Amino acid sequence: HAKEAGRDTYRFFTPAMNERVRARLRLENRLRQALEQGEFELWYQPRVRLADGCICGAEALLRWRHPEEGWIGPGDFIPVAEESGLIVPIDQWVLEEVCRQNLEWQRRGVGEIPVAVNLSARDFRRPDFRDRVVRVLDDTGIDPRWLELELTESVLLQHTDEIMATLQGLRSRGVNFAIDDFGTGYSSLAYLKQLPVSMLKVDRSFVRDVPGDPNDEAIVKAVIELGQVFGLQVVAEGVETEAQLQFLCRLGCDSVQGFHFSRPQPAAEFEKLLRQRGKFATCD
Ligand code: C2E
Ligand code: MG
Ligand code: MG
Ligand code: MG
């Protein structure tokens, strides 16, 4: 092929690669269009407090209503959005929409809960990030205590002056931070102490095989104790069974999210759940 092609660029650019690049570009263009045409939606998953079974928060999770292919989850488009930089306007939309929706729930008396937003590292590390969040807070007029920002350990590991300034600046405005997927990175105790975070979210890969798997049991127990030592709330993700729930209760976990209580649901469905003021059955 290289010989026939005659141009150097064709030598390594096989038809299969060509197709992958094209597919990526197609998705990138479709994502841009999706944002313009309002095809994104936020679904909400409750966070349940183990002490009383109340819904004490929610996490907003991005969904794409594709006109031909139906619902598409973030795993299938966030990586391309991150590579292309489109994640910045997408995360911006998510922030605005969460604040708008939460204020609307408050105004209509549906309920008052903090709502968590997932942020891409690519977005958080931008120098204008802090100002963009502050602008959303100012424009919507929401009390910052109703906004939680979830960051992964990897972002926080490079705790440069810029990242610390962003965290502290937003924290001083009243925004809360959570470390998402906790345990999958390499946090050191020293760094945890310095960060203005208020919540650790135990990654669901550690919750899946408890009780039973001694390593995972030890990890979950250690994270909960770490949270207690540092005065951080500990949330377990991916709780699917009664046995997992009771295990987390015994260890003194603060709150949980997972299919055992509720899957992420469209705003209108989540609103019904909030209005009921119901309590989930938790610890025996
Ligand atoms: P995450 O923040 O760790 O979110 C938790 C994921 O676990 C969600 O997947 C949720 O639907 C799923 N989940 C919740 N409970 C259970 C359970 O009991 N069992 C199982 N098997 N799964 C459960 P989802 O919605 O597909 O989101 C995947 C990831 O995409 C998120 O992980 C987050 O990192 C990212 N993401 C979601 N929304 C956004 C967004 O608005 N912006 C950015 N930048 N990333 C987002
Ligand atoms: Mg999250
Ligand atoms: Mg997570
Ligand atoms: Mg995750």
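For the structure, check the block above.
The residue count restarts for each chain, going from 1 along the sequence in the order it is written. Key to labels: chains lettered from A, ligands numbered from 1, both in the order written. Local features in this predicted model are restricted to residues of pLDDT 70 or higher, and side-chain atom pairs are both shown and tallied only at a pLDDT of 80 or more, whereas totals for entire chains, interfaces and linings draw on every residue. Side-chain numbers here rest on the full set of heavy atoms in the structure, without hydrogens or water.

Student: Would you explain the overall build of the protein in this entry?
Tutor: Runs of H or I in DSSP of at least four residues are treated as helices and runs of E of at least two as strands, each being numbered from the N terminus. When you go through the protein residue by residue, the secondary structure sums to 14 helices and ten strands. Using C-alpha atoms as the atom set, the radius of gyration is obtained and then compared with a globule rule of 2.2 Å times the number of residues to the power 0.38. The C-alpha atoms of the protein give 21 Å as radius of gyration, which agrees with the globular expectation for 284 residues (19 Å, within 12%). The principal-axis extents of the C-alpha atoms in the protein amount to approximately 75 × 45 × 40 Å. The cut-offs for exposure are 20% and 50% of the maximum accessible area for each residue type, with area from a 1.4 Å probe on protein chains only; residues under the lower value are buried, those over the upper are exposed, and the others partly exposed. The buried share of the protein, taken over its 284 residues, is 48%. Throughout, a residue-residue contact means that at least one pair of heavy atoms, one from each residue, lies within 4.5 Å. When contacts within the protein are restricted to residue pairs at least 6 apart in sequence, long-range pairs at least 24 apart make up 67% of them.

Student: How do you make sense of unusual backbone geometry when you look at a structure like this?
Tutor: Omega for the peptide link from Val210 to Pro211 comes to -10°, which places this bond in the cis form. Mapped onto the secondary structure, Pro211 falls in the loop between α11 (204-207) and α12 (214-230). We note that Asp181 has phi near 55°; this positive angle belongs to a residue other than glycine. Positionally, Asp181 belongs in strand β6 (residues 176-182). Phi at Arg277 takes a positive value of approximately 55°, unusual for a residue other than glycine.

Student: Is there a simple way to explain the coordination of the magnesium ion (ligand 2) in this structure?
Tutor: Octahedral metals with six donors have ideal donor angles of 90 or 180 degrees. Tetrahedral metals with four donors have an ideal donor angle of 109.5 degrees. The donor set covers N, O and S atoms within 2.8 Å of the metal, switching to 3.2 Å for Na, K and Ca, and it leaves out water, so a site may look short of donors. Coordination sphere of the magnesium ion (ligand 2), protein contribution only: Glu59 (OE), Asn118 (OD1), Glu150 (OE) and Asp180 (OD), at 2.0 to 2.2 Å. Every donor residue of the magnesium ion (ligand 2) comes from the same chain, spaced as E-x58-N-x31-E-x29-D. If you look at the magnesium ion (ligand 2) and the magnesium ion (ligand 3), they sit 4.1 Å from each other and are both ligated by Asp180. Here the residue Glu59 occupies a position in strand β2 (residues 55-66), and Glu150 occupies one in strand β5 (residues 147-152), the gap between them amounting to 91 residues. Taken as a pair, Glu59 and Glu150 share a single burial class, namely buried.

Student: Which parts of the structure should I look at to understand the coordination of the magnesium ion (ligand 3)?
Tutor: At 2.1 to 2.4 Å from the magnesium ion (ligand 3) lie its protein donor atoms, namely Asp180 (OD), Asp181 (OD), Glu237 (OE) and Glu237 (OE). All donors of the magnesium ion (ligand 3) come from a single chain, and their spacing in sequence reads D-D-x55-E. Overall, Asp180 belongs to the buried group, its relative accessible area being 7%.

Student: Teacher, can you tell me more about helix α9 (residues 161-172) here?
Tutor: At 3.6 residues per turn, the α-helix brings residues three or four places apart onto the same side. The end-to-end C-alpha separation of α9 is 16 Å, in line with the 16 Å expected for twelve residues at 1.5 Å each. Where α9 is concerned, the buried positions are Ile163, Met164, Thr166, Leu167, Gly169 and Leu170. In this structure, the buried residues of α9 make contact with α6 (121-124), α7 (129-140), β5, α8 (153-157), β6 and α10 (189-194). Just beyond α9, the residue with positive phi is Gly174, at close to 105°. Any helix carries an expected span of 1.5 Å times its number of residues minus one.

Student: Mind showing me how you'd approach the state of the cysteines here?
Tutor: By convention in this document, the label disulfide applies to cysteine sulfur atom pairs within 2.5 Å. According to the stated counting rule, one finds one disulfide in the structure shown. The side chain of Cys249 participates in a disulfide bridge whose partner is Cys283; the two sulfur atoms lie 2.0 Å from each other. Residues Cys249 and Cys283 are joined by a disulfide whose S-S torsion is about -85°; by sign, that bridge is left-handed. Here the residue Cys249 occupies a position in helix α13 (residues 242-251), and Cys283 occupies one in the segment after α14 (267-276), the gap between them amounting to 34 residues. Take Cys283: its relative accessible area is 34%, and that puts it in the partly exposed class. Take Cys56: it sits in no disulfide, and the sulfur closest to it among the cysteines is that of Cys54, at 8.1 Å. For Cys56, a relative accessible area of 16% corresponds to the buried category. Left unpaired, Cys99 is separated from the closest cysteine sulfur, that of Cys56, by 19 Å.

Student: What am I meant to see in the nonpolar core here?
Tutor: What we call a nonpolar core is a set of buried Ala, Val, Leu, Ile, Met, Phe, Trp, Tyr and Cys residues that are connected through their side-chain atoms within 4.5 Å. Core analysis: the biggest nonpolar cluster contains 82 residues, and Tyr44 and Leu149 have the highest contact counts within it. Looking at this core, the element that brings in the most residues is helix α5 (residues 87-107), giving nine residues.

Student: Help me understand the packing of aromatic side chains in this model?
Tutor: When we look at a pair of aromatic rings, we describe it by the centre distance and by the angle of the planes. Two rings from Phe, Tyr or Trp (for Trp, the six-membered ring) form a pair when their centres are within 6.5 Å of each other. A pair whose planes differ by under 30 degrees is stacked, one over 60 is edge-to-face, and the rest are tilted. Counted under the stated rule, the structure contains ten aromatic pairs. Considering the side-chain rings of Phe40 and Trp64, the 6.0 Å spacing of their centres and the 50° angle between planes classify their relative orientation as tilted. Taken as a pair, Phe40 in strand β1 (residues 40-49) and Trp64 in strand β2 lie far apart in primary sequence, 24 residues in all. Owing to a relative accessible area of 6%, Phe40 belongs among the buried residues under this scheme. On the accessibility criterion, Trp64 (2% relative accessible area) is buried. Taking 5.0 Å as the distance between ring centres and 70° as the angle between the ring planes, the aromatic pair formed by Tyr44 and Trp105 counts as edge-to-face. One end of the pair, Tyr44, is in strand β1; the other, Trp105, is in helix α5, and 61 residues separate them in sequence. Exposure remark for Trp105: the relative accessible area of 1% places this residue in the buried category. Here the aromatic cluster, defined as three or more aromatic residues joined through ring pairs, consists of Phe40, Trp64, Phe77 and Trp93.

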